[in-house]
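# Remarks on the overall topology
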There are 2 protein chains.
Amino acid sequence: MVMKVYGSMISTATLRVLVCLAEKDIDFELIHVDLASGEHKKPHLLSINPFGQIPAVEDGDFKLIESRAIMQYIERTYVKQGTDLISKEPKKAAEQSVWMEVESQKFEPATTRLVWELCMKRLLFGEKENQAVVKVKEEALGNLLDVYEGRLTENKYLGGDSFSMADLYHVPVIKFLMGTQTKKVFDARPHVSAWITDILSRPSCLKVFCRSANQLGA
Amino acid sequence: MVMKVYGSMISTATLRVLVCLAEKDIDFELIHVDLASGEHKKPHLLSINPFGQIPAVEDGDFKLIESRAIMQYIERTYVKQGTDLISKEPKKAAEQSVWMEVESQKFEPATTRLVWELCMKRLLFGEKENQAVVKVKEEALGNLLDVYEGRLTENKYLGGDSFSMADLYHVPVIKFLMGTQTKKVFDARPHVSAWITDILSRPSCLKVFCRSANQLGA
């Protein structure tokens, strides 16, 4: 029985898990959750995720929530399959952990509102973005990316010399924002820009985002 | 040479690392960083942490940042010493990971402003809290803790039947807020309250917070 993923192709957290499954070459069944009608707050989904969010995963009778925890479970369970996403060497793993935490503590909070303003408002409610908010958030994102630029000047990937979970955590938000005016904030930093071209052209990303584009009617 | 921890006893992120070091029974040297004078933004510390934050760690010539990444490094490096904080069994580790992510994605954002209003403003600037903000934040924290109450009704600890990194991540913020009016929000939920009594009475917490109280002149 394949893993069931409850999620939506417009949810960056769902897409994060799907790109991970593609990197590990694992079959799954995607069960669509309609965010617009609030399906994630209905009893069946609340019984899997009491926080009323997606994604949620069922692997046999084992239930799991939180996209990043799901990805770590996939890596630990299928450790010898597909891409090696977390090093077995404590110091290398630590460098990857640092940038997984930077994504979670800094990149995600810096981009959540931009994704909302520039992608979700239009997609879900047909509303236009608030440009004043976008300007402030893009400036803060630029400051954060200055540190990324330093890191990526010295390392090909965030976690070191090979692609890892740290890069993977960033993929869906970057993919969404590269289709908006915020692209210029990433493009202004050459090593960040080269890193983005590299990670978004991985077969896992092409596979997931092709499916995403098809489902969104793009 | 013992591990050097650059930090402050009024920083919950620093204290998180110190409680972890105590659980793993590891010696360290604490190098005090004066937050009030902005020492964390000075060149020496920026060379260790380009984000200008504490804690930062030097283990020999290996530099590490982000409190949660530091703790995972400590657990991986000293895996056979002190308390076992992350299970070797993938499903148990996954349950712990879920609640480590819940802390990082939900508990920390829900409590940051409360810690600021009720602890830091007075301590750093001698200012009084904004009660209107506190009220809104306490209500949101209460809703989050309702899910914790459900979890802790069925499990003694967040990650399952034994104390783990998931509980440890929560310790310093809870310790700070239990000394404020927000204590009532935790106390109103019996299983949350029993869990707090349990984790705050661990020898690691008593050791670190005794030191903290001494340094703060309490």
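Residues numbered from 1 in each chain as written. Chains lettered and ligands numbered in written order. Predicted model: local features only at pLDDT ≥ 70, side-chain atom pairs only at ≥ 80, totals over all residues. Heavy atoms only, no water.

### What about the overall build of chain A?
In terms of regular secondary structure, chain A is built from nine helices and four strands. Taken from N to C terminus, the helices and strands of chain A fall in the order β-α-β-α-β-β-α-α-α-α-α-α-α. On C-alpha atoms alone, chain A measures out to a radius of gyration of 17 Å, which is about the 17 Å that the 2.2 N^0.38 rule sets for 218 residues. Principal axes of the C-alpha set define a box for chain A whose edges measure 45 × 45 × 30 Å. Pairs at least 24 residues apart make up 67% of the contacts formed inside chain A by residues separated by at least 6 positions. For chain A, the computed accessible surface area is about 9500 Å², with 54% contributed by carbon and sulfur atoms. (Helix = DSSP H or I, 4+ residues; strand = E, 2+ residues; numbered from the N terminus. Rg over C-alpha atoms; globule rule 2.2 N^0.38 Å. Contact = heavy atoms within 4.5 Å. Areas by Shrake-Rupley, 256 points an atom, 1.4 Å probe, with all protein chains shown as cover.)

### Some remarks on the state of the cysteines
Under the defined criterion, the tally for this structure stands at zero disulfides over all chains. Its sulfur unpaired, Cys205 of chain B is 11 Å from the next cysteine sulfur, which belongs to Cys20 of chain B. (Disulfide = S-S within 2.5 Å.)

### Considering the UniProt feature "domain: GST N-terminal" (unreviewed entry) in chain A
The sites that UniProt annotates as "domain: GST N-terminal" (unreviewed entry) are residues 1-82 of chain A. Strand forms 22% of residues 1-82 of chain A and helix 35%; the C-alpha atoms that close the span are 19 Å apart. (UniProt positions renumbered as here; feature names shortened; annotations may be inferred.)

### Examining the pairing of strand β4 (residues 62-65) of chain A
Residue and element names in this part refer to chain A. Two elements, strand β3 (residues 56-59) and β4, share four bridges in a ladder whose sense is antiparallel. Across the sheet, Asp59 pairs through a bridge with Phe62, a residue of β4. Taking the residues that link successive antiparallel strands as the turn, the β3-β4 hairpin has two residues, and the phi of Gly60 there is positive, at about 65 degrees. (Pairing = 2+ DSSP bridges.)

### Structural notes on the packing of aromatic side chains
Under the counting rule described, the total for this entry stands at 14 aromatic pairs over all chains. With 6.1 Å between their ring centres and 85 degrees between their planes, Tyr157 of chain A and Phe163 of chain A make a pair best called edge-to-face. Of the two residues examined, Tyr157 of chain A and Phe163 of chain A, each falls in the buried class. Both rings, one in Tyr148 of chain B and one in Trp195 of chain B, keep their centres 6.3 Å apart while their planes meet at 50 degrees; by these two values the pair is tilted. Residue Tyr148 of chain B is located in helix α5 (residues 131-154), and its partner Trp195 of chain B is located in helix α8 (residues 190-200); the two are separated by 47 residues in the primary sequence. (Phe/Tyr/Trp six-rings, centres within 6.5 Å; stacked < 30°, edge-to-face > 60°. Buried < 20%, exposed > 50% of the residue type's maximum accessible area, 1.4 Å probe, protein only.)

### Some words on the pairing of strand β3 (residues 56-59) of chain B
It is a general feature of regular strands that their side chains alternate between the two faces of the sheet. Residues and elements named next belong to chain B. Alternating positions in β3 separate into two faces, Ala56 and Glu58 on one and Val57 and Asp59 on the other, with burial throughout. Note: strand β1 (residues 3-7) against β3, three bridges, orientation antiparallel. Within β3, the position partnered with Tyr6 by the bridge is Ala56.

### Focus: the relation of the copies chain B and chain A
Once chain B has been moved 0.0 Å along the axis and rotated by 180 degrees, it coincides with chain A to within an RMSD of 0.0 Å. In the structure described here, the two chain copies are related by an operation that fits a two-fold rotation axis. Both copies share a contact surface, since 100% of the interface residues of chain B are interface residues in chain A too. (Least-squares fit on C-alpha atoms with pLDDT ≥ 70 in both.)

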